[in-house]
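Remarks on the overall topology
This is what each chain is made of:
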Amino acid sequence: MKKTAALLLSALSLSAAALAQTETGQTIDERRAARRAAWAAMGIKDYVPPAIKTGTAEELGAWDAPDATQGAAADEKYFYAVANYVIGKYDRKSGELVSRWIGDRGGPIRHLNSCYAETGKLFCAHSNHPGLPMTSSIEIFDTKTMTHLDNKSLGMLDEGSFVWFDHYEDGWIAGFAHYDDETGLPYKDHTYATIVTFDMEWRKTGGYVLPPSILEKMAPQAASGGAMDDDGRLYVMGHDLPEMYVLEFPEMGSEMRHVATIAVPAEGQAFAFDPKEPRRVWAISRPRGKVVSFRLPEME
């Protein structure tokens, strides 16, 4: 009985409050305006996102590469064109094909994404895209012999399909994708794309989301490439626009800050920074069937 009486008194109080609001004659918009006026009096302002700077990259060269369909990487002597299950090794000076790693159609390597070269190896993000459920792994190749060396399976992750990764602090930073079409999950669209940090053992340590200003340009896909530069910023590219987006880590919240958009001679996809020349990038132009290299403008 006591509980029933308490519930009845609570309901009566709520009804009285609602009736009092109705008797004032204020509409919902008027009440909202009154609240905003009160906030303004306290010095509360509407958030204004930072201005997005723009720039244009300088193209340094382009080389024919029929395997340039997913991304590119480079070391001191060679550049590498990446396809779903093919990696071409090319001489940096002449652009001549040196050798290839070729996987089997329908084999364990389904969808190589971004790669980077380091210590005589290519480290590549791999997924089973367009298969479902999404599974991911890291595949490692010997750049001298162009043979497969090692594998680390990440299995199924709630974050999505593994697209790119790079060193970050004492571990890793990685990008995961979701898609709007039949290759995605019916309950998650491209806006669920995420950036995740891990320790060296691939245990999750944190995460971020992409800002709407970038997501709306990437729809119905996600960031196809990403890498950290020496300036401490994260650079990402989408699926098919000739743009690179510069991101900074937020001081508050979990949304990355979009600080610049750079026009580049590459229509999206995966890329890698050059190991020798600062601000130089290796990427692909899938429509032209080429690996391209360009230099980014300096960022303040």
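Residues numbered from 1 in each chain as written. Predicted model: local features only at pLDDT ≥ 70, side-chain atom pairs only at ≥ 80, totals over all residues. Heavy atoms only, no water.

1. Observations regarding the overall build of the protein chain
Regarding its fold elements, the protein chain presents three helices and 21 strands. At 25 Å, the protein chain has a C-alpha radius of gyration far larger than the 19 Å of a compact globule built from 300 residues. Based on the C-alpha atoms only, the size of the protein chain along its principal axes is roughly 80 × 45 × 35 Å. Expressed as a percentage of the 300 residues in the protein chain, the buried residues total 47%. Of the side-chain charges in the protein chain, 31 are positive and 42 negative, and the distance between the mean point of each set is 2 Å. (Helix = DSSP H or I, 4+ residues; strand = E, 2+ residues; numbered from the N terminus. Rg over C-alpha atoms; globule rule 2.2 N^0.38 Å. Buried < 20%, exposed > 50% of the residue type's maximum accessible area, 1.4 Å probe, protein only. Lys, Arg positive; Asp, Glu negative; His and termini not counted. Charge placed at Lys NZ, Arg CZ, Asp CG, Glu CD.)

2. As for the pairing of strand β15 (residues 225–228)
Both faces of β15 are covered, namely the face carrying G225 and A227 and the face carrying G226 and M228. Pairing of β15 with strand β16 (residues 234–237), which is carried by four bridges, proceeds in the antiparallel orientation. Paired with G225 across the two strands is M237, which belongs to β16. Counted along the chain from β15 to the antiparallel partner β16, the turn is five residues long, and its residue G232 has a positive phi close to 85°. (Pairing = 2+ DSSP bridges.)

3. What to know about a nonpolar patch on the surface
Judged by side-chain polarity, W39, M42 and I44 come together as a nonpolar surface patch covering roughly 340 Å² of accessible area. Mapping I44 onto the fold places it in the loop between α2 (28–41) and β1 (53–56). The exposure class assigned to I44 is partly exposed, which follows from its relative accessible area of 48%. (Patch = residues over 30% accessible without salt bridge, like charges linked within 9 Å, V, L, I, M, F, W, Y side chains within 5 Å. Areas by Shrake-Rupley, 256 points an atom, 1.4 Å probe, with all protein chains shown as cover. Salt bridge = Lys/Arg side-chain N within 4 Å of Asp/Glu carboxyl O.)

4. Section: the sheet that holds strand β6 (residues 97–102)
Within a beta sheet, neighbouring strands are joined by backbone hydrogen bonds and run either parallel or antiparallel to one another. The four strands lie next to each other as β3-β4-β5-β6, forming an open sheet whose pairing is antiparallel. At either margin of the open sheet sits one strand with a lone partner, and together these are β3 (71–74) and β6. Between one strand axis and the next, the sheet turns by 20° as a mean value, whatever way the strands run. Bridge count between strand β5 (residues 86–91) and β6: five bridges; the pairing is antiparallel. If you follow K89 over to β6, its bridge partner there is S99. (Axes fitted to C-alpha atoms, helices over the stretch in contact; angles between N-to-C directions.)

5. Quick word on the confidence of the model for the protein chain
Averaged over every residue, the pLDDT of the protein chain is 90; residues scoring 70 or more account for 92%. Here residues 1–23 is a poorly scored stretch, pLDDT under 50, and it has two contacts once near neighbours within four places are set aside; other chains count. (pLDDT = per-residue confidence, 0-100. Contact = heavy atoms within 4.5 Å.)

6. With respect to the sheet that holds strand β14 (residues 204–209)
Across the sheet, which stays open at both edges, the four strands sit in the order β11-β12-β13-β14 with antiparallel pairing between neighbours. What marks the edges here is a single partner per strand, and that holds for β11 (161–168) and β14. Here the strands of the sheet are splayed against their neighbours by 25° on average, with no regard to which way each runs. When β11 meets strand β12 (residues 171–177), the two strands line up antiparallel, connected through seven bridges. Residue pairing for β12: W164 is matched across the bridge by G175.

7. Side note on the side chain of N113
Tracing the chain through its elements places N113 in strand β7 (residues 111–118). Within the local environment of N113, its side chain forms a polar contact with the side chain of H111, the two groups lying 2.9 Å apart. Aside from chain neighbours lying at most four places away, what touches N113 is Q70, V82, A125, H126, S127, F162, V163 and A270. (Polar contact = N/O pair within 3.5 Å; in protein donor to acceptor, adjacent residues only side chain to side chain.)

8. A short note on the nonpolar core
Counting residues in each nonpolar core, the largest one holds 23 residues, and the members touching the most others are W164, I173, I195, L210, L234, V236 and L247. Every element with two or more residues in this core is listed here: β11, β12, α3 (212–218), β16 and β17 (243–248). For I173, the contacting residues outside a window of four places in its chain are W164, F165, D166, H167, Y168, I195, V196, T197, M228, L234 and F249. In terms of nonpolar packing, the next biggest core, distinct from the first, is built from 19 residues, A57, A266, V292 and L296 among them. (Core = buried A, V, L, I, M, F, W, Y, C linked by side-chain atoms within 4.5 Å.)

9. What about the pattern of salt bridges?
Enumeration according to the criterion identifies 16 salt bridges in this entry. Ionic pairing is found between D274 and R92, a salt bridge with its closest N-O pair at 2.8 Å. Taken as a pair, D274 in the loop between β19 (272–273) and β20 (280–285) and R92 in the loop between β5 and β6 lie far apart in primary sequence, 182 residues in all. Residue classification places D274 among the buried residues on the basis of a relative accessible area of 8%. Residue classification places R92 among the buried residues on the basis of a relative accessible area of 11%. Here R233 makes a salt bridge to D231, at a shortest N to O gap of 3.2 Å. The exposure class assigned to R233 is buried, which follows from its relative accessible area of 12%. The partly exposed category is assigned to D231, whose relative accessible area is 33%. Connected through shared salt-bridge partners, D229, D231, R233, E248, R257 and R279 make up one network.

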